[in-house]
Amino acid sequence: MDATVEKFTSKDLVTDQEIRWCPGCGDYSIVKQVQTVMPDLGIPRENIVFVSGIGCSSRFPYYMETYGMHSIHGRATAIASGLKAARPELSVWIVTGDGDSLSIGGNHTIHLLRRNFNVNILLFNNQIYGLTKGQYSPTSEEGKVTKSTPMGSIDHPFNPIALCMGADATFVARTMDRDPKHQQAILRRANDHKGASFVEIYQNCNVFNDGAFEVFTEKSSKKNETLFMESGKPLIFGDNNDKGIKLDGFNPVVVDLTATGASANDMWIHDEHDRVKAGILSRFFDNPSKPDHLPRPFGVFYEESRGCYEDGMTRQIEEAKAKKAADLDALLRGKEIWTIN
Amino acid sequence: MEPQNEVLDNVIIKFAGDSGDGMQLTGTQFTNTAALFGNDLSTFPDFPAEIRAPQGTIAGVSGYQLHFGSVEIYTPGDFCDVLVAMNAAALKANQKFLRKSGILIVNTDGFDPKNLRLAGIAETDNPLENHSLDNYKVIRMDVTKMTRAALSESSLGVKEIDRAKNMFVLGFLYWMYNRPMEHTLKFLTDKFGKKPDILDANVKVLKAGYNFGETREEFTARFTIGPAKITPGTYRNIMGNQATALGLIAAAQKSGLQLFCGTYPITPASDILHELSKHKNFGVKTFQAEDEIAAIASTIGASFGGSLGVTTSSGPGIALKTEAMGLALMLELPLVIINVQRGGPSTGLPTKTEQSDLLQAVYGRNGEAPIPVIAAATPSDCFNMAYEACRIALHSMTPVILLTDGYIANGAEPWMFPKSADLKPITVNFAKEKNSENKFLPYKRDEHLSRPWAIPGTKGLEHRIGGIEKQHETGNINYDAANHEFMVKMREAKVEKIADFIPEQTVEVGTTKGKLLILGWGSTFGAIKSATLKAREEGYDVSHAQLRYIKPFPKNLGELLYSFEKVIIPEMNSGQLIKMIRDKYLIPAEGLNKVQGMPFAAEEIYTAITKALGK
Ligand code: SF4
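Residues numbered from 1 in each chain as written. Chains lettered and ligands numbered in written order. Predicted model: local features only at pLDDT ≥ 70, side-chain atom pairs only at ≥ 80, totals over all residues. Heavy atoms only, no water.

Caption draft 1: Examining the site of the ligand more closely. Neighbouring residues of the ligand: A:Trp21, A:Cys22, A:Cys25, A:Cys56, A:Asn126, A:Gly130, A:Gln203, A:Cys205, A:Asn206, A:Val207 and A:Phe208. For the shell around the ligand, a count of residues per class yields seven nonpolar, four polar and no charged. (Near = heavy atom within 4 Å. Nonpolar A, V, L, I, M, F, W, Y, C, P; charged D, E, K, R; others polar.)

Caption draft 2: Layout of the sheet that holds strand E4 (residues 61-69) of chain B. Residue and element names in this part refer to chain B. The strand order E3-E4-E2-E5-E6-E7 describes an open sheet built from six strands, whose pairing is mixed. Strands with a single pairing partner mark the edges of an open sheet, and in this sheet they are strand E3 (40-46) and strand E7 (137-141). Each neighbouring strand pair of the sheet contributes to a mean axis angle of 15 degrees, computed without reference to strand direction. When strand E5 (residues 80-85) meets strand E6 (residues 98-107), the two strands line up parallel, connected through five bridges. Directly across from valine 84, in E6, lies its bridge partner isoleucine 105. (Pairing = 2+ DSSP bridges. Helix = DSSP H or I, 4+ residues; strand = E, 2+ residues; numbered from the N terminus. Axes fitted to C-alpha atoms, helices over the stretch in contact; angles between N-to-C directions.)

Caption draft 3: Fine view of the interface of chain A and chain B. Taken residue by residue, the interface counts 59 residues in chain A and 72 residues in chain B. Summing both sides of the interface, chain A and chain B together bury roughly 5,500 Å²; the carbon and sulfur share of this comes to 63%. Interface area lost by chain A to chain B is led by A:Tyr67, A:Leu332 and A:Trp338, which between them contribute 16%. Between chain A and chain B we count four salt bridges in total. Its salt-bridge partner being A:Arg115, residue B:Glu290 comes within 2.7 Å of it at the nearest N-O pair. Where chain A touches chain B, the interface holds 33 residue pairs in polar contact (both at pLDDT 80 or more). (Contact = heavy atoms within 4.5 Å. Buried area = accessible area lost by both parts, 1.4 Å probe. Salt bridge = Lys/Arg side-chain N within 4 Å of Asp/Glu carboxyl O. Polar contact = N/O pair within 3.5 Å; in protein donor to acceptor, adjacent residues only side chain to side chain.)

Caption draft 4: Representation of the pattern of salt bridges. Within this structure, the stated rule accounts for 42 salt bridges over all chains. Here A:Asp311 ties to A:Lys194 by a salt bridge, and the two come within 2.8 Å at their closest N and O atoms. Here the residue A:Asp311 occupies a position in helix H11 (residues 309-323), and A:Lys194 occupies one in the loop between helix H6 (180-192) and strand E6 (197-202), the gap between them amounting to 117 residues. Note that B:Arg391 and B:Glu388 form a salt bridge whose closest N and O atoms lie 2.7 Å from each other.

Caption draft 5: Local environment of the domain arrangement of chain B. As far as domains go, chain B holds domain 1 (4-224), domain 2 (236-422), domain 3 (429-502) and domain 4 (514-613). A C-alpha centroid distance of 59 Å is found between domain 1 of chain B and domain 3 of chain B. (Domains from an automatic or database assignment.)

Caption draft 6: Local environment of the sheet that holds strand E10 (residues 259-263) of chain B. All names here are of chain B. One open sheet accounts for seven strands, arranged E11-E10-E12-E13-E15-E14-E20; its pairing is mixed. Of all strands in the sheet, those bounded by a partner on one side alone are strand E11 (285-288) and strand E20 (549-551). Taken over all neighbouring pairs, the strand axes of this sheet differ in orientation by 20 degrees on average, direction set aside. Pairing between strand E13 (residues 335-341) and strand E15 (residues 399-405): seven bridges, direction parallel. By the bridge assignment, valine 336 is partnered in E15 with valine 400.

So, in structure tokens, the structure goes:
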């Protein structure tokens, strides 16, 4: 850590604003983990900027004693792109929700990812519109009954991870509000990654969509329903780590380690740099009520090192400056002039 | 017989041909030559809406009108003295703009049965044969044949040879107007230096056109137009969009800020982006965003970061930016929004000009959302007003809308360019210290009601801003009724205060009181000025004022308006400024309106003057 950076603590990140989320909302855990992790990142507090759009999650910047902007619906990604392009040295964090960045702001999200600005996107996915009081969102499951879909939603939902893979994101991860340790680890990884880091955080909206992620977060089902990926380690899960994933061609299959006597090391070894396999993992998206479904993966799906937009921009400017001095009078004068006496 | 040499004080030439005929290039070359010669001038390119409209059809006609003279020139002119028609469609579309007994130069090859059919003219009705052109001095030349003949020894294919046709016409006009070819020869060398066959072909055809005039006895007239007696000084030629770009760069340089332009391509504004992107050596950052919304949103991000943020667009794009403009106004960040207006509504007339976005600029946002609005009057004035837009935005921490339009954006004129040292200073003071006991209040205001600009990276001034209503001074979210009303009024008062440091309204032509005032705004400048000058010469008591600052109005505007018995407001819309003037000053101003995607002819304004004042 840079010794010249003035130290600060999690407490220094708490603002004088009263938090207005509903009691029990998953957002509380996320703000807490972010405040916990931030002081260790070695970034001067004044260089940190949180940009959000509109939605419950987007109140986030008001609760962080850093620079922040609570903008308009869907545009946090675009605003952050401009900020990062203008000031590459800042640490820019985007806080957004499933409606904000996958519905009204979907376009900016995919373009930010392909340009690979070195920013961090924290997408709080609660599969519902909370702030507008309970309509289905682009991540709500088909058939979802909400205020705007009394007969059930007929929308096919987005798979955010697969969408980001499709947009050539260079860092794609998933975590959950109810697992603080994992969240913290993923936040650190996102910060360490140079490029656009996309983190989907399963977040419980206990008012309008309570229990949406229960099977993944509750102790009783978590081990069987989730798959925590670690680089270089086999994909195993289950109550006693007794199940593994193997590839049969391009098809993932669940292997019962006890019944087959197979060794964990014979299973699929997770490689964060394998785009094809990350693509397959991103499709582990079955409805948990389906028999023989695959577990839901958490952790880093994919990471790749690719040039960042802002660096390319800076490079071109440096090149242009090296070639030609900035002479305003010469610019105003142009190439051809004439004099009238 | 040596042709007689007639001296003229001004000439209007229109080059018209198929969009593939290179008429824009021909026009620009003649323009630059005239400019270097010292003529005053004004130009008006008239493009087809489709880039690849069917060849030979009316939809595919591309025109370039140039007005130059030894006298001061304010407009591209109403009717042309010379029309160059490269084919039947070009003649059909433009004949109405050629004055009686004007000179018509026709490329006879463009009037073959195929071209007649494409132009929708019956073969039996060929205008070259049916005496319908008897009122003009017609100069016929088979440009295609002569171009091919000039290049009979060239190794180029027929297609490439034919592409040099426009040079023949240009050469001929250089002969007709006694112009040197040096500028164009140099241009061709720069452009085709690496392709010697093409360079050689163009030069040969240019000279062939010139010699064609020299050697043919039937051309009895040549014309001389002396240099203009305009304000002494050093000039260059400039187009409106280019001037806008230079104004922005100048403001960034003078304020010491990084220029950031987040934008999305749109006709007729894209040339500002093209120009800016050439000047990265000034640290200019151009960002071609994924859409119009991202264009302004990214610019807001850059402004938050301490850049001079600019977004450029035209009507439909501005509509998309509306919500973000409201955000910028709530954030009270400096931001320049440029609308190069075109014909609307919706996609409307992308390549035609109009002034119909004024009310959108002034009123078109949700909530009470005051944003200063200013407008440029001529191509070179785009420089001044772009600079002013930045100056106001930075001075008062506010978004500013600059309105130009397709007419001046693509038009060109000589510009007595300023020295950078003579430009008004722009000082920016980023906040560095807390402004209250041990606290930073992001919405604490100074005497201009402007708030501090504390940019990320500044230690101790961490703060949050947003689009939700905020508490006075602290900027914290606040839904209190009284506070909201206070803030709404505060934002309006802040914009009104800008009237304290913008120039007062002056009179362009005439006096500060009298019978009739013609009050224009934006690009109607040239037509109004020409018309009022002419009317005054004839003894009419008429004056002309051109508004450049529309929100807020200059402080003395009311006084000026009340000093005239009658006020006429010409606008290229159905009456928008007039609503604002009537509303604020309660005067019975009269409108003069034209919504045809075309600028006013000076004659139309002159007629309105004579009608209003009687004879
Ligand atoms: S509505 Fe839902 S997401 Fe929003 S604050 Fe309440 S619990 Fe959280």
